[in-house]
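Report on the structure
For reference, the chains in residue letters:
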Amino acid sequence: MADSTPAPATEAAPNPNANRSTTPVSSSFRDYISSQWAERSETLPSPREVAAFAAARRLRISALHPGERLIIPAGPAKVRSNDTDYAYRPHSSFAHLTGWGAEAVPDSVLIMEPTPNGHDATLYFRPSAGRDSDEFYANAAIGEFWLGPRPSLAQVAADLALATRPLSELDELLVARDGASRGLDDEELLRDLSELRLVKDAWEIAQMRLAIAATKQGFDDVIADRPAITAHPRGERLVEGTFNRRARAEGNQVGYDTIAASGAHACILHWTTNDGPVMPGDLILIDAGVELDSLYTADITRTLPIGGTYSEVQRRVYEAVREAADAAFAIVRPGIRFREIHAEAMRIIAEKTAEWGFLPVTAEESLVPEAQYHRRYMVHGTSHHLGIDVHDCAQARRDLYLDGVLEPGMVFTIEPGLYLQPDDLTVPEEYRGIGVRIEDNILVTADGAENLSIAIPRTADDVEAWLAG
Ligand code: GLY
Ligand code: MN
Ligand code: MN
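What comes next concerns the included structure. By convention here, each chain's residues receive numbers from 1 onward along its written sequence. Whichever chain is written first is A, and whichever ligand is written first is 1; the rest continue in order. Restriction of local features to residues with pLDDT of at least 70 applies here, the model being predicted, together with a cutoff of 80 or more for giving and counting side-chain atom pairs; totals for whole chains, interfaces and linings are based on all residues. With hydrogens and water set aside, each side-chain value is computed from the structure's full complement of heavy atoms.

**As for the coordination of the manganese ion (ligand 3)**
So the rule is basically this: For Na, K and Ca the donor cut-off is 3.2 Å; for every other metal, N, O and S atoms count as donors within 2.8 Å. Water does not enter the count, which can leave sites looking incomplete. Each helix is a run of H or I in the DSSP string that is no shorter than four residues. Each strand is a run of E no shorter than two, and both are numbered from the N terminus. Each residue is placed in one exposure class: buried if its accessible area under a 1.4 Å probe, protein chains only, is under 20% of its type's maximum, exposed if it is over 50%, and partly exposed if it falls in between.
Binding of the manganese ion (ligand 3) to the protein goes through D287 (OD), D287 (OD), D299 (OD) and E439 (OE), at separations of 2.0 to 2.3 Å. Along the chain, the residues donating to the manganese ion (ligand 3) fall in the pattern D-x11-D-x139-E. Taken as a pair, the manganese ion (ligand 3) and the manganese ion (ligand 2) lie 3.3 Å from each other and share D299 as a ligand. Of this pair, D299 sits in the loop between strand 11 (290-291) and strand 12 (300-305) while E439 is found in the loop between strand 15 (434-437) and strand 16 (440-444), placing the two residues 140 residues apart along the sequence. Note on D299: relative accessible area 4%, which makes it buried.

In structure tokens:
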């Protein structure tokens, strides 16, 4: 990174750049660097496609909060260490209500100001600083020389079809106007914003299809990269790197840390250390999703035999998990309850683990709520809503989520697994160290369901053909 100018030190926060060279401060330098820049022509874009959808979403949240000011910040950049930040990502509800995704300017705030008929929405953000300021060259945190140009108020207003004002006016506004207001620290507003996303609109569903298509490309890349992956002592890192390279090329980044879990690491549900080797006889569990610039993410898991074919016992476990996934998918249609999906998958998991002699009781006995012995081999749930957050709609009420009734437009995962730990004495030795998860992204349709990720091979035979081809 280039050396940056010190920000003024305060007693509370010592200057992190006290030892770094500074930008010149003489008036002759200021005059010189502020002059002789070509005029920028400002062409205003047409509104982006999402703008009309975002306006409809704002109307729905407006109707739930008449007479209240709603304050929805994008959030600040987060420090990673000293003066370097994590890659910026705006708050999901901010992105949902504005249509501004990965490119959103940090610290922006959407204000929905109550009116007699609803709300007026205004986006406050920090527009580009003029060359008459010293921000553009001397401010490493936000300056154009450091981070690149920001759009103007007029550009963003046209792009998002939303009124815009400079962020510098926001404090004044909030002090000047009293009355009821809610922000993202308000549980009720967070709940409503979460529930607003339970049913996806047509634009969101299109984004999910694009995210899943890009994720398929990432899996294809990993498969093509197998010779390098198996040759490297930290092959799991190469799996992660290859997938994430595709994610960066096609979108913003990955929607969550890529899980590349080879051999017994697959029994660790969220293995993201990814520092192990990838050995020819093993399975590798890859749980990964591309997050687009719009911030919609896929969440897909495939468990692949590195050497190209499943051993007999690997195939038995794999196909049992697939049977559980297929059984769960088969019942999905509007009108059923979300939790029935998990119950259906668990019916198969109990049957299989009983059949293989793992359980101290029959499958039926294991399925009663007080028993649940089969859950030793799959401690996680089968499904979660998916969208702009990988675990989307997380603040929704239980009545609308876990106990909720499915409606067309809902998108969620079906992701059963079996994790037979290498030191689990309840399973015969030949099974130990096998971990399998199959995760697909499902859309509820008018009369049933669509597996949005069906193009990514998922039966044992199809996976073997995929690796061979
Ligand atoms: N990748 C996290 C999950 O599957 O929920
Ligand atoms: Mn998932
Ligand atoms: Mn996943």
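**A few points about the site of ligand 1**
For clarity, the cut-off: Throughout, near means a residue has at least one heavy atom within 4 Å of the molecule or strand. Under this definition, polar contacts are N or O atom pairs within 3.5 Å; protein pairs additionally need one hydrogen-donor-capable and one acceptor-capable atom, and for neighbouring residues in sequence, both atoms have to be side-chain atoms. Residue exposure ignores everything except the shown protein chains as possible cover, and the areas themselves are Shrake-Rupley values with a 1.4 Å probe. Residues were grouped as follows: Ala, Val, Leu, Ile, Met, Phe, Trp, Tyr, Cys and Pro as nonpolar; Asp, Glu, Lys and Arg as charged; and all remaining residues, including Gly, as polar.
Taken together, Y256, H270, D287, D299, H384, H391, E415 and E439 are the residues near ligand 1. Take H384: an N or O atom from its side chain is 3.0 Å from an oxygen atom of ligand 1. Measuring from an oxygen atom of ligand 1, one finds a side-chain N or O atom of E415 at 3.1 Å. Relative to its free-state accessible area of 200 Å², ligand 1 is covered by the protein chains to the extent of 93%. For the shell around ligand 1, a count of residues per class yields one nonpolar, three polar and four charged.

**What about the packing of helix 9 (residues 202-224) against helix 11 (residues 235-250)?**
The criterion, for reference: As a rule, the C-alpha atoms of each element are fitted with a line to give its axis, helices using only the stretch in contact, and angles between N-to-C directions run from 0 to 180 degrees. Note on convention: the crossing is left-handed when the near helix lies turned anticlockwise from the far helix by less than a right angle, right-handed when the turn is clockwise. Residue contacts are defined here by distance: any two heavy atoms, one from each residue, within 4.5 Å place the two residues in contact.
Here helix 9 crosses helix 11 at 145 degrees, and the two axes come no closer than 8 Å. Here helix 9 runs over helix 11; the crossing is right-handed. Only V239, T242, F243, R246 and E250 of helix 11 make contact with helix 9, whose side of the interface consists of A214, T215, Q217, G218, F219, D221 and V222. When its residues are assigned to classes, the contact of helix 9 with helix 11 shows five nonpolar, four polar and three charged.

**Quick word on helix 15 (residues 460-468)**
The condition is simple: When we speak of the arc, we mean the arc of directions from the helix axis to the C-beta atoms.
What helix 15 keeps buried is the set A460, V463, E464, W466 and L467. Buried residues of helix 15, seen end-on, are gathered within an arc of 155 degrees and therefore sit on one face of the element. Buried residues in helix 15 make contact with helix 9, helix 10 (226-231), strand 12 and helix 12 (312-330).

**So, unusual backbone geometry**
The backbone of N82 shows a phi angle near 45 degrees, a positive value even though the residue is not glycine. Positionally, N82 belongs in the loop between strand 2 (79-81) and strand 3 (84-85). Phi at A161 is positive, roughly 50 degrees, even though this residue is not glycine. Tracing the chain through its elements places A161 in the loop between helix 6 (153-160) and strand 6 (163-166). Classification of A161 by relative accessible area gives partly exposed; the value is 44%.

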